[in-house]
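Notes for the structure review
Now for the letters of each chain:
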Amino acid sequence: MAYHTITSRMRPFDHVLIGRHCTADTPNRELQNSPLKCITYTWRFHLLLYLEEHGMRTKIEKFNQKDVLVVAHKTEKDILIVSISDVTHSFPEVLSGCQGLVTPLKQSQNKYTGWVQDIDEDKVYIKFKETFPGNFNKAVRCNVAFFHHRIPIQMQHRALALVKKRMLDKFLFPTEECFHHQQLPRISLTNKSVANNPEQSKAIQHIVACSAKPAPYLLFGPPGTGKTVTLVQAIRQSLETHGCNILVCAPSNSATDHLCGKILEEKLGTDKVFRLYPLSFPVRKIPQSLLKNCNLNPITNAMEIPTKDTLMSYTILVTTLQTVGRLVTGGIPPGHYSYIFVDEAGQATEPECLIPISGLMKLTTCQVVLAGDPKQLGPIVISKIADKHGFGVSMLERLMRDISLYKPHRITGFNSHYVTKLLINYRSHPAILKIPNELFYGGELQPCANFEKCLYKTWTCLFRKDFPVIFHGVAGTKQREHNSPSLYNMAEVGVLKEYLKYIIKHLQDKGVDCIGPQEIGIIAPYRKQVEKIQKALQTDKDLIKENLENILVGTVEKFQGKEFNVVLVSTVRSNPKLTDFNQNINLGFVSHEKRFNVAMTRARSLLIVVGDPRVLKTDFVWNK
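What the six strands build is a closed barrel, ordered S1-S2-S5-S4-S3-S6; its pairing is antiparallel. Neighbour-to-neighbour, the strand axes of this sheet turn through a mean angle of 45°, independent of strand direction. Of the strand pairs in this sheet, strand S4 (residues 112-120) and strand S5 (residues 123-127) are connected by five bridges, and their pairing is antiparallel. Looking at the pairing, aspartate 118 lines up with tyrosine 125 of S5.

Turning our eyes to something else, we now look at the pairing of strand S23 (residues 564-570). Counting buried residues along S23, seven of its seven residues qualify, which places the element largely inside the surrounding structure. In this sheet, S23 lies alongside strand S21 (residues 520-523) in parallel orientation, the contact comprising four bridges. When the sheet's bridge partners are listed, isoleucine 523 is paired in S23 with valine 569.

Pairing between the strands of a sheet is mediated by backbone hydrogen bonds and can be parallel or antiparallel. With parallel pairing, the five strands of this open sheet are ordered in space as S18-S24-S23-S21-S22. With one partner strand each, in any of the chains shown, strand S18 (469-473) and strand S22 (552-554) form the two edges of the open sheet. Direction aside, the axes of adjacent strands within the sheet are offset by 15° on average. Relative to strand S24 (residues 603-611), S23 runs parallel, the two being bridged by six bridges. Pairing of leucine 568 across the sheet is with isoleucine 608, part of S24. The sheet contacts of helix H16 (residues 430-440) involve S18 and S24, and relative to S24 the element is tilted by about 65°.

For the rest of this paragraph, the subject is the confidence of the model for the protein. Taken over all residues, the pLDDT of the protein has a mean of 89, while the share at 70 or more is 91%. Confidence drops under pLDDT 50 across residues 1-21; counting only partners more than four residues distant or on other chains, this segment forms 33 contacts. Segment residues 579-584: pLDDT under 50, and five contacts once partners within four positions in sequence are set aside and those in other chains are kept.

Conventions we followed
Residues numbered from 1 in each chain as written. Predicted model: local features only at pLDDT ≥ 70, side-chain atom pairs only at ≥ 80, totals over all residues. Heavy atoms only, no water. Pairing = 2+ DSSP bridges. Helix = DSSP H or I, 4+ residues; strand = E, 2+ residues; numbered from the N terminus. Axes fitted to C-alpha atoms, helices over the stretch in contact; angles between N-to-C directions. Buried < 20%, exposed > 50% of the residue type's maximum accessible area, 1.4 Å probe, protein only. Contact = heavy atoms within 4.5 Å. pLDDT = per-residue confidence, 0-100.

Rendered as structure tokens:
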């Protein structure tokens, strides 16, 4: 799609992209000449959104299929399954929520329009309003086209347009002179672990006191430091202290479900907490613990959007950032919520984070809390130009990077009126935490996990019983299939299989018959390597006998926010001809610091990394 096609809807920005001498590089130059300031804020982000939309449309078009087999779902006859080669190797996220048009080749007059509901390896699931005839049970040859769903982008444009109307300058670019600090309240923490953690207790006190208002309060939560526990306790204390209405959001449905589950565990009253799902959310994916507290109609077994009055009757409303747009459209007034919590804020683009803020926040009465870790993975951005100009930098990261209030003093550290950095790590063995701690967290993280009952202390493959980290050097070969840009390395797959066999044998010797869902995770930076590992688990004559469905295999993105007792990492990149270690090598995803940080901090008790040391040591982070 050419730039003029996008700009047909860009009246305020016509001068940026349209002109006699306009080229594809015009937005690039304009953005370079207009850095992010108060005066350029909405202009820049509107333009970045249009560029991102252009990138998404271009990417989506590549998934269109001609003369492909389409089959009906075995149990849900209103869902068609389309097999697409390498769908997971090229930003499959762009297909989520897209419109799908399916046209049978032999009956081209019949066109079926539905919505992409799920993506699983090489399959795309499209849900329709109609039930399909029996011939679809055996597969029908069809043409399939996908179309970009504009509503999420429109929600973000509206959020940006409301910035000026709601006069959010003091929120987005806060300075010391904006503040009138409140006295910290006395709070009684029932959770002993939180009460004994000075950083968690301090953060909760300041959140309850709204000490950062009108600016956001930042909860900087490095891996395994109890960020979610802190948020949930802050929500509980805010409710008990002020008796207010609270909006809780996260970028993804999985993160939102996790947070809602933890809030319900606090037993604040089942009639007070409500999880709002989008209408397109698959019913089968709703956690059992949330079924009675969400907008699922048990009679029709479908999602319904409650009325405005019903939604406003709940004390704590939990939903995704995008779904909050429905609350704004539905007319819930700014000021109804005294707190807006955004978890995993580091994974949302700034316009996405603005949806609840500019739509529902009243500057003088609402405290916004952004929680996350700017040192871990940020939002996924498709457009290279948009990414280059900061679209991949979250609001959380921008505030900590650019605004002096959120920067640490060289002696006293962070000012707890505006930000708290959690320091006690409850997840990882000290040996696993050591390098990420030094590289990304100033060596401030304090390991505090209990390994008294660790099953791997006596594992015979460990060279030192007090050092559960193994780097296994493999001089393999990176490979690529002709129809996929993604890399794989079969030598590393072979080594991972052997380690997995040793681990399973050790667990069985310890009396563990079934591998639990949080026992073992396998990370690879490339989707093709993920596919090769998954296939190996399903075809190896020894492993196929074991119960391995609970072993998660995926890219780094799939592991953010998760933890496992054992993590195995395949780095894939290799160069057998490498002789000079100073040779300039592009390590691609492997050299991405945030990916490294996430991959190395998922393990509790045992970390095994497989890779080619000759290549990896050319990168500063890996060399460390």
